[in-house]
Every structure is written in C-alpha cells, then in structure tokens.
Amino acid sequence: MIKKIIIALLITCNGTKVFSQNEEKAILKQVQTFMECIVSKDSLTFNKLFHDGPVAWTGVFRDSTTAKIRFRDKSFSNVFNDTPKNFFRGLMKIERVEEKFDHIKIVHDGSIALVSFDYTFWMNGQIYNWGSEYWTMIKKDNVWKITSVIFSMELEMFYPYQKRQLKRE
C-alpha cells in the first residue's frame, strides 16, 4: 500500500513539473514571438499577443536619465502611458529596430503569469535605450495573452548599457 502511495505521489509531482515546463515553454514562445514581430514589423501577429481588453503600457524613465532631462526641461514627466498599437506604429518609422531580452524569469500558476526580464532596445544597429520590463499575462482559451507591460528606461546617450548594470538575482 505504501509503495502505491509513493508511486502515485511521484507520478503526480512529475506531472506537475511537466505541466509547469509546458506552460513556461508556451510563455517563452510568446516572448520570442514578441521580439520577432518587432524585427519583422509584423503588426498582425504582434497584436494577437495581447488580451483584447484594455492593456496597460507604462514606461518610467530611471532617476538618472530623468535628472539629465530635467536639467534642460523642469516640467519633464518621467512616466508615460501608451498602447501596444501606438508602440508598434512608432516602430514602423524606424528603418531597423530590435528589442533583445535577457535574464527572463517566469512565475505562473497555469492561469496567470508574471514575466520579467532586462531589455535593450536597438534602432538602426545601435542601442537606444535599456532597462527592466515586466509583463502580466493571462491564459485565455489555452493561449497566453499579455495584459500589461511596464518598463524602466535609461537612455543610452546618457548612460551606456553595460550588462552587469541590469543583472538581477
């Protein structure tokens, strides 16, 4: 009897681990698709990554960049809101654009997820800005959808990117 219980527990634990790995793979696929859509400028696929309800899109300049800008413009607001569609429209004006992610971490329960990573945003082969980014996601009809995007920004022209600056444990 005890042997059967142990076997049942092992199967359950292993099944949970496989379930979790499959969910993480599905979320990582969405992350990869996001990056690919930016490079290929595929707005149709990009828009499908997002929940069809309201999606928060909020950026905040880091204190160091904010101080540099406020030196010239005292009224500068370090926080801005946008939408995924407006973000993508802006990409269309740039000849070559890419966003690269590093240190991706995923926390999920199978229905909701938090994805965090460090990013660099490239324009025409040069880093333009960099920072940290967080997404919240929901699983709708068996597909992971982004419900919010928040990110910090440091402008490369003021503070050059160094990988070690962003590494989080």
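Residues numbered from 1 in each chain as written. Predicted model: local features only at pLDDT ≥ 70, side-chain atom pairs only at ≥ 80, totals over all residues. Heavy atoms only, no water.

*Asks:* It is not clear to me how the side chain of Lys-145 should be interpreted in this structure. Could you clarify?
*Replies:* Residue position: Lys-145 is located in strand S6 (residues 143–155). Of the side chains with opposite charge, Asp-52 lies nearest to the buried Lys-145, which makes no salt bridge, at 7.6 Å. Apart from residues no more than four positions distant in its own chain, Lys-145 is found in contact with Lys-48, Leu-49, Phe-50, His-51, Thr-136, Met-137, Ile-138 and Lys-140. (Helix = DSSP H or I, 4+ residues; strand = E, 2+ residues; numbered from the N terminus. Buried < 20%, exposed > 50% of the residue type's maximum accessible area, 1.4 Å probe, protein only. Lys, Arg positive; Asp, Glu negative; His and termini not counted. Salt bridge = Lys/Arg side-chain N within 4 Å of Asp/Glu carboxyl O. Contact = heavy atoms within 4.5 Å.)

*Asks:* Please clarify how the packing of aromatic side chains should be interpreted in this entry.
*Replies:* Here a ring pair, both rings aromatic, is described through the centre-centre distance and the interplanar angle of the planes. Taken as a whole and assessed by the stated rule, the structure comprises 19 aromatic pairs. Between Phe-50 and Trp-57, the aromatic rings sit 6.1 Å apart at their centres with planes inclined by 50°, giving tilted as the arrangement. With respect to burial, Phe-50 and Trp-57 carry one shared label: buried. The ring of Trp-122 carries the charged tip of Lys-100 above its face, separated from the ring centre by 4.1 Å. (Phe/Tyr/Trp six-rings, centres within 6.5 Å; stacked < 30°, edge-to-face > 60°. Lys NZ or Arg CZ within 6 Å of the ring centre and 35° of its normal.)

*Asks:* Help me out: how do you make sense of helix H4 (residues 84–91) in this one?
*Replies:* For an α-helix, the turn length of 3.6 residues means that residues three or four places apart are oriented alike. The set of residues buried in H4 consists of Pro-84, Phe-87, Phe-88 and Leu-91. Buried residues of H4 fall within an arc of 95° about the axis and therefore sit on the same side. (Arc of directions from axis to C-beta.)

*Asks:* What am I meant to see in the pattern of salt bridges here?
*Replies:* Charged atoms that come close allow side chains of opposite charge to pair. Taken as a whole and assessed by the stated rule, the structure comprises 2 salt bridges. Measuring nitrogen to oxygen at the nearest pair gives 3.1 Å for the salt bridge that ties Asp-52 to Lys-140. Highlighted residues: Asp-52 in the loop between helix H2 (43–48) and strand S1 (56–61) and Lys-140 in strand S5 (residues 126–140), separated in sequence by 88 residues. Look at Asp-52 and you get exposed, because its relative accessible area is 63%.

*Asks:* Looking at this model, I keep getting lost on unusual backbone geometry. Mind explaining?
*Replies:* A negative phi angle is the norm for most residues apart from glycine, just as the trans form is the norm for most peptide bonds. Positive phi outside glycine occurs at Asp-141, with the angle close to 50°. Within the element layout of this structure, Asp-141 appears in the loop between S5 and S6.

*Asks:* Would you mind going over the nonpolar core with me for this structure?
*Replies:* Among soluble globular proteins, nonpolar side chains are generally buried collectively. Counting 35 residues, the largest nonpolar core has Phe-34, Phe-46, Phe-50 and Trp-135 as the members making the most contacts within it. For this core, the secondary-structure elements that each account for two or more residues are helix H1 (2–40), S1, H4, strand S3 (97–108), strand S4 (112–123), S5 and S6. The contact partners of Phe-50, leaving out residues within four places of it in the chain, are Phe-34, Val-55, Trp-57, Pro-84, Lys-145, Ile-146 and Val-149. (Core = buried A, V, L, I, M, F, W, Y, C linked by side-chain atoms within 4.5 Å.)

*Asks:* Looking at this structure, how should I read helix H3 (residues 63–72)?
*Replies:* All of the buried residues along H3 are Thr-65, Thr-66 and Ile-69. The arc that holds the buried residues of H3, viewed along the axis, is 100°, so those residues lie on one side. Exposed and facing more than 90 degrees away from the buried side of H3 are Asp-63, Ala-67 and Phe-71. Close packing links the buried residues of H3 with S1 and S6.

*Asks:* Would you explain the sheet that holds S6 in this entry?
*Replies:* In a beta sheet, neighbouring strands pair by backbone hydrogen bonds and run either parallel or antiparallel. Here 6 strands make up an open sheet; going across it, the order is S2-S1-S6-S5-S4-S3 and the pairing mixed. The open sheet has two free edges, formed respectively by strand S2 (79–81) and S3, since each of these has just one partner strand. Ignoring which end each strand starts from, the neighbouring axes of this sheet average 20° apart. Each of S1 and S6 is contacted by H3, which is oriented at about 55° to S6, the strand it contacts most. (Pairing = 2+ DSSP bridges. Axes fitted to C-alpha atoms, helices over the stretch in contact; angles between N-to-C directions.)

These values are about where atoms sit, not about what they do.
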